[in-house]
Structures are given as structure tokens and as C-alpha cells.
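Architecture at a glance
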Amino acid sequence: MSGKLSGNGVFTKKCQDFFENKYGFRKTLLTTSCTDALEMAAILCNIQPGDEVIIPSFTFVSTAVAFVRQGAKIVFADSYANNPNIDAGKIESLISERTRVIVPVHYAGVACDMDKIMELADRYKLLVVEDAAQAIDSYYISPETGKKQALGSIGHFGAFSFHETKNIISGEGGMLAINDVQFVHRAEIIWEKGTNRAEFFRGEVNKYGWVDIGSSFLPSEIVSAFLWAQIEVMDDIQNKRKELWNMYHMALSDLETKGFFRLPDIPAFATNNAHMFYLVCNNIDERSGLISYLKEDNILSVFHYLSLHNSAYYHSKHDGRSLPNCDMYANCLVRLPLFYELSHEDVERIAGRIRKFFLDKGINR
């Protein structure tokens, strides 16, 4: 042990080296949250007041706030009808002369259509920031080339979360992946409060000072050490989560066939990192009833995002377009318990209660 507790020490470097080597990110920087990683990306994209950023409406508020803080106008995109991810086929119609960035969100760790998104970005000279908060250890497989790429490594930037709700955790924590070499040097300066301190400690300059904007984005070594312990057993964590996910799917697939609800859709170009298992109910009343029914048996199931275009803060700034698929997921999606300590018996019990709710409560299809 070095005895160092402040950021950018031995454990920070160990974690960053691991992610770069395993997933092919050009450069990674641990942060105190995924929100911080997104805020760093917004600074690096040089967002100016009035610039437009395209994001899905069905996402966490951090996806939008990071760019709004830089003065951006958010242009919301709808989800697919069969998948909560951004509908890549609808992005081009949202691009204007003010558009600067597209932010695909890999919901539940399932890849967006990155070939289509990157083709649009190349054609219109836009930057892509992958919100990969839920997507560690998940991949995109190009239907055109067959190339398999880690999520967060395809766009110019990737932002990850290690919040306690994620697959591998550090309580609070995140990481920015920088995949375009032109941004690497400045990213490190922004990460170190706008100074070239990291260069100084590497012996590349004989003193360091204030050279750019930035903030205290890096986590302490305590956070990084906790994350490193998770990395050491990541394969075990992932294997267990996938077992639980597959158990849910097998136990409930016949009810999907009967039309009681829909199960997660995994496109052929996406892998499944088992971050989340969810159901899409047929209406909000059935979802509310299911959540209440499971709660009676001390089973915590919860809905997820509310539509950002309908939020109290941004509703008046939205351009008024209807985003029906996004609203459908906001009203009908319910997440089931999925975490490492969950047992096979727990999953069987939860699935059994779900079956009982739909089969015994007079909900007919």
C-alpha cells in the first residue's frame, strides 16, 4: 500500500489500465460519477449556448443536464416500439445546422444501432457521446462487418457508472472513456481541475499550473480501491447476473407468448450484460397493480425513467413533438430485482408471484 488516499494513485491507475486493455478504450479517466463523466464530455465537445444535442427522452436526467449546463438546447428523440433505446432511424430528421452531438443511451446495457449512429455522425460531422452508464462488459456486433466492439469504445466518448445499482460498483463512481486521440490531452487537464498536474507527476513538465477550465472530477483512492476489488471478481459477478437473468426469462417467456407483457428485446447486434431484467406491461394500471402486488410479498419492483420531454424543468423548452414510445415505457416498464446476492430460489419465488398476479387476478389476453 502506498498510503495515498487522494485521487490518481495506484488503484486509479490499475483500474484505468484494466479497462483500456480489456475493452480497447484509447484512454480512461475514473470520475466520481457517470454524471461527472458526461459533464467532462460536454466540456470536451466544446458545447456553446444554443448548440443542439440529440438524446433519447427515455433516460436519466444526467444525460441531459451535463449538456444543458454548457448552454445546449436538448432535442429529444423517441425510442423504438420494441426497445427502449433511441430510434436511430429517426435521428437524421432531428439534425439541424446547430446540432453538435448525438448521445445514444445503451439502456439496460443493450447496444443502440451504432453503425447507423456513427454513419450519421460522420456524414454530418457530429460528435458521439455514448451514455454507457449501464453497459460495462457489453458489446455491439456490427451486422455489416461482424466486428465486436465494447460499448463506450465506439463513439468519440463513453461515460460509465459504478453506482451501487450497477454491475460492478464503488458506491458512487464513474469513468470517461476517450476514444479520439485529439481529446486525450485536454481531458486529463479538465479532470485535474484545469491544471497540467498529471503531466507534472509523470515528469513531463517541471511545474504545473492553471491551463484550462476543469473541476475536481477524479475520485479518491478509497473509491478506486473498492472498484478494483470488484474488477478482480467481475467474471463471477457477471456469470451470476446472467444466470439470474436467464432464469427470469425462462420462467416468464410463456406469459409473454400469451400477451400478458413483453420481455426485454435484445437485437441481434447486441450482447446482454444482464444489467437489468424488466417487463413491459400493457398499460399503466396493470403495472401499478403488479408493483403493489409484489410489494405485499416484500418484493421490490419499480418503474424507471419518466419522459424528460414532459419533465417540469424542460417541458416548456421541448418543441412539442409527441414521443409515444418513450411515454409508453415511462408508463408500462417495471424492473424486477436483479443483484448478485439474489438467489435462484428468490428468482423462482418472484417469477411465481408474477405468474399468480396475471393468471389469478382476472387479467386475460
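Everything here concerns the structure above.
By convention here, each chain's residues receive numbers from 1 onward along its written sequence. Given that this is a predicted model, residues contribute local features only at a pLDDT of at least 70 and side-chain atom pairs are listed and counted only at 80 or more, while totals for whole chains, interfaces and linings are drawn from all residues. Each side-chain value is derived from all of the structure's non-hydrogen atoms; neither hydrogens nor water enter the calculation.

**Things to note about the overall build of the protein**
Across its full length, the protein carries 11 helices and 12 strands. Note on method: radius of gyration uses C-alpha positions; expected globular size equals 2.2 Å times residues raised to 0.38. Its C-alpha radius of gyration of 21 Å places the protein within 12% of the 21 Å reference for a compact globule of 365 residues. In terms of principal-axis extent, the alpha carbons of the protein reach across some 75 × 50 × 40 Å. Think of it in three bands: with a 1.4 Å probe and only protein chains considered, a residue is buried below 20% of the maximum accessible area for its type, exposed above 50%, and partly exposed in between. Counting every position in the protein, which comprises 365 residues, the buried fraction comes to 57%. In the protein, the proportion of contacts linking residues at least 24 apart, taken out of those at least 6 apart, comes to 71%. Computed by Shrake-Rupley with a 1.4 Å probe, the accessible areas treat only the displayed protein chains as cover when residues are assessed. A total of about 15900 Å² of accessible surface is found on the protein, and carbon and sulfur atoms cover 52% of it. In the protein, 38 side chains carry a positive charge and 45 a negative one; their mean positions are 2 Å apart. Going along the chain from the N terminus, every DSSP run of H or I of four or more residues is numbered as a helix, and every run of E of two or more is numbered as a strand. Residues count as neighbours in contact if any of their non-hydrogen atoms are within 4.5 Å of one another. Only four residue types enter the tally: Lys and Arg on the positive side, Asp and Glu on the negative side, with His and both chain ends excluded. A single reference atom marks each charge: NZ on Lys, CZ on Arg, CG on Asp, CD on Glu.

**Topic: unusual backbone geometry**
In the Ramachandran plot, A108 falls in the positive-phi region, its phi being about 60 degrees despite a non-glycine side chain. Not every positive phi belongs to a glycine, and K125 is a case in point at roughly 60 degrees. Relative to the helices and strands, K125 is located in the loop between α4 (114-124) and β5 (127-131). Owing to a relative accessible area of 73%, K125 belongs among the exposed residues under this scheme.

**Focus: the sheet that holds strand β10 (residues 261-262)**
Paired strands are those between which DSSP finds at least two bridges. Spatially, the three strands line up as an open sheet ordered β10-β11-β12, and their pairing is antiparallel. What marks the edges here is a single partner per strand, and that holds for β10 and β12 (333-336). Across the sheet, helix α8 (residues 234-257) touches β10, β11 (277-281) and β12, and the angle it forms with β11 is around 20 degrees. Orientation is described by axes fitted as lines to C-alpha atoms, over the contacting stretch for helices, and by angles from 0 to 180 degrees between their N-to-C directions.

**Topic: the packing of helix α1 (residues 10-23) against helix α7 (residues 221-232)**
It is the contact of α1 with α7, at a shortest axis distance of 8 Å, that shows an interaxial angle of 40 degrees. In terms of orientation, α1 lies oblique with respect to α7. The handedness of the crossing between α1 and α7 comes out as left-handed. Touching V10, F11, T12, K14, C15, F18 and F19 of α1 are E221, S224, A225, L227, W228 and I231, all from α7. Comment on the angle field: the value is read as roughly parallel under 35 degrees, roughly antiparallel over 145, roughly perpendicular from 65 to 115, and oblique elsewhere. By the definition used in this description, the sense in which the near helix is turned from the far one sets the handedness, with an anticlockwise turn below a right angle giving left-handed and a clockwise turn giving right-handed.

**What to know about the pattern of salt bridges**
A pairing counts as a salt bridge when a side-chain nitrogen of Lys or Arg comes within 4 Å of a carboxyl oxygen of Asp or Glu. Applying the stated criterion across every chain yields a total of 15 salt bridges. In this structure, R355 and D254 form a salt bridge, with 2.8 Å as the shortest nitrogen-oxygen distance. In this pair, R355 sits in helix α11 (residues 344-360) while D254 sits in helix α8, placing the two residues 101 residues apart along the sequence. One connected set of salt bridges, linked through shared partners, spans D51, R98 and R100.

**A closer look at α4**
Within the sequence span of α4, burial applies to M114, I117, M118, L120 and A121. End-on view of α4: buried residues confined to an arc of 155 degrees, all on one side of the axis. In this structure, the buried residues of α4 make contact with β4 (99-102), β5 and β6 (139-141). Taken from the residues just after α4, K125 is the one with a positive phi, measuring 60 degrees. Directions from the helix axis toward the C-beta atoms define the arc.

**Quick look at the nonpolar core**
What we call a nonpolar core is a set of buried Ala, Val, Leu, Ile, Met, Phe, Trp, Tyr and Cys residues that are connected through their side-chain atoms within 4.5 Å. In terms of nonpolar packing, the biggest core is built from 50 residues, with V53, F67, V101, V129 and F157 touching the most fellow members. A per-element tally of this core places helix α2 (residues 34-44) first, with eight residues. Ignoring sequence-local partners within four residues, the contact set of F67 consists of A42, I47, V53, A72, I74, V101, V103 and V129. Of all hydrophobic cores here, the second largest spans 45 residues; its members include A77, I91, V110 and I136.

**Focus on the packing of aromatic side chains**
Each pair of aromatic rings taken from Phe, Tyr and Trp, with Trp reduced to its six-membered ring, is defined by centres within 6.5 Å and is described as stacked if the planes are under 30 degrees apart, edge-to-face if over 60, and tilted in the remaining cases. Within the structure shown, the criterion is met by 23 aromatic pairs. Taken together, a centroid distance of 6.4 Å and an interplanar angle of 20 degrees make the contact between F19 and Y23 stacked. Here the residue F19 and the residue Y23 both occupy positions in helix α1, the gap between them amounting to four residues, near one helical turn. The pair formed by F19 and Y23 is uniform in burial state, with each residue classed as buried. Consider the rings of Y107 and Y278, whose centres lie 5.9 Å apart with planes at 65 degrees: the pair is edge-to-face. Of this pair, Y107 sits in the loop between β4 and α4 while Y278 sits in strand β11; the two residues are 171 residues apart in sequence, bridging distant segments of the chain. Per residue, the accessibility class of Y107 equals that of Y278, and both read buried. An aromatic cluster of at least three residues, connected via ring pairs, comprises F18, F19, Y23, F25, Y139, F160, F162 and W228. Above the plane of the ring of Y340 lies K240, whose end atom (NZ or CZ) is 4.8 Å from the centre. Here, a charge over a ring is recorded when the distance from Lys NZ or Arg CZ to the ring centre is within 6 Å and its angle to the ring normal is within 35 degrees. Directly above the aromatic system of Y313 lies the positively charged group of K317, at a separation of 4.2 Å from the ring centroid.

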